[in-house]
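The primary structure of each chain is shown beneath.
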Amino acid sequence: MARRRYTIDEKRAAKFEKEGRGQGDGGDYKPWLTVRDVPSHGLSHRLMGITTGRQHDFLSNLEHDLFLLLDWQTTTADLREQYPLDIDATQDIAERLNIRHPQAPRTPQPMVMTTDLMLDRRGANGLETLAYAVKTAEDLEKPRTLHKLEIEWRYWQARNVPWSIVTRAELPRRLVDNIILVHGFYSQQGLDERALALIPVLLDEIATRPHQSIGAVRAAMDQQHNLPQGATWSILRHLLATQMVVCDMEQVMLNDRLPLAAMSVDRPRQRRDRA
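The following paragraphs examine the structure supplied in this document. (Residues numbered from 1 in each chain as written. Predicted model: local features only at pLDDT ≥ 70, side-chain atom pairs only at ≥ 80, totals over all residues. Heavy atoms only, no water.)

### Observations concerning the packing of aromatic side chains
Turning to step 1, where the next piece is worked out: With the rule as written, the count across this model stands at 5 aromatic pairs.
Turning to step 2, where the next piece is worked out: Between Phe16 and Trp32, the ring centres sit 5.3 Å apart and the planes meet at 85°, which makes this aromatic pair edge-to-face. Of this pair, Phe16 sits in helix H1 (residues 10-19) while Trp32 is found in the loop between H1 and strand E1 (45-48), placing the two residues 16 residues apart along the sequence.
Turning to step 3, where the next piece is worked out: Here Trp32 falls in the buried class, since its relative accessible area comes to 3%. (Phe/Tyr/Trp six-rings, centres within 6.5 Å; stacked < 30°, edge-to-face > 60°. Helix = DSSP H or I, 4+ residues; strand = E, 2+ residues; numbered from the N terminus. Buried < 20%, exposed > 50% of the residue type's maximum accessible area, 1.4 Å probe, protein only.)

### Focus: the environment of Asp92
Turning to step 1, where the next piece is worked out: With respect to the helices and strands, the residue Asp92 is situated in helix H3 (residues 87-97).
Turning to step 2, where the next piece is worked out: On a C-alpha basis, the gap between Asp92 and Pro172 in space is 37 Å, while along the polypeptide they are 80 residues apart.

### Points about the sheet that holds strand E4 (residues 114-123)
Turning to step 1, where the next piece is worked out: Taking strand neighbours across the sheet as the criterion, the 4 strands line up as E3-E4-E5-E6 in an open arrangement whose pairing is mixed. A single partner strand is all that each edge strand has here, and the edge strands are strand E3 (76-84) and strand E6 (163-166). The sheet shows a mean angle of 30° between the axes of neighbouring strands, taken without regard to direction.
Turning to step 2, where the next piece is worked out: For E4 and strand E5 (residues 126-134), the ladder comprises 7 bridges, and the chain directions are antiparallel. Across the sheet, Arg121 pairs through a bridge with Glu128, a residue of E5.
Turning to step 3, where the next piece is worked out: Each of E3, E4, E5 and E6 touches helix H4 (residues 143-157); the most contacted strand, E6, lies at about 145° to it. (Pairing = 2+ DSSP bridges. Axes fitted to C-alpha atoms, helices over the stretch in contact; angles between N-to-C directions. Contact = heavy atoms within 4.5 Å.)

### A short note on the pairing of E1
Turning to step 1, where the next piece is worked out: Taken together, the 4 bridges between E1 and strand E2 (residues 55-58) define a ladder with antiparallel strand orientation. Within the sheet, the bridge partner assigned to Arg46 lies in E2 and is Asp57.
Turning to step 2, where the next piece is worked out: The turn linking E1 back onto E2 is made up of 6 residues, and Gly53 within it adopts a positive phi angle of 70°.

Functional significance is not addressed by these values, which are geometric in nature.
Quick look at the structure:
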């Protein structure tokens, strides 16, 4: 279902700028648009990022899933959603291409364009910035959408920033589904303290009982240590989220039937610098 139209007119844009929208980085970044600004018929998401330690706003399921994939990668240094483009620059591009610039509905006022997701990642040559436009296959059949993407592409081309379009087809579904299962358990906050104290026991189970299934081990530990139902499963998801326990999440599906042999114990990784 298509989103209802929304209006970010000149007055609201000035208010956003005053609030610091589209500015900062890491945990201090504020997206230009949040889920409160754009009606999305239940497709919006808010979640805490592993990389940034801040809450992120996503206006579609696709944006949410791409974010999870990038947030999971240990080379990721920063992620900024709904990143605003310089309106003078996008208007200049639109004029050169003879394309109508996005406008506030029923007004001649130009709207600030945004890029769905910006990634800073660490590489052999230092920090690299990449830009992503997230679209459905149906979006790419619309001439108006293609016109706006043309403006966005040329904007980033002029700044030597690699830019690409991501659709559902580019996302590895099994990996994304597995990340969804564990991502929210990165922090120990809210986890059962008695279960947390049993992490060494659970790591030993993984290392010494490879033929046992996740379901059998977590049920046995919950019962043996009188834990709330599901407490051990939450701890295992925490260990997977922090990558203290690793498995090939592109190939296996995390569920009760998965044998412990599919996982291995790794040393804790200092994955993110939030200083």
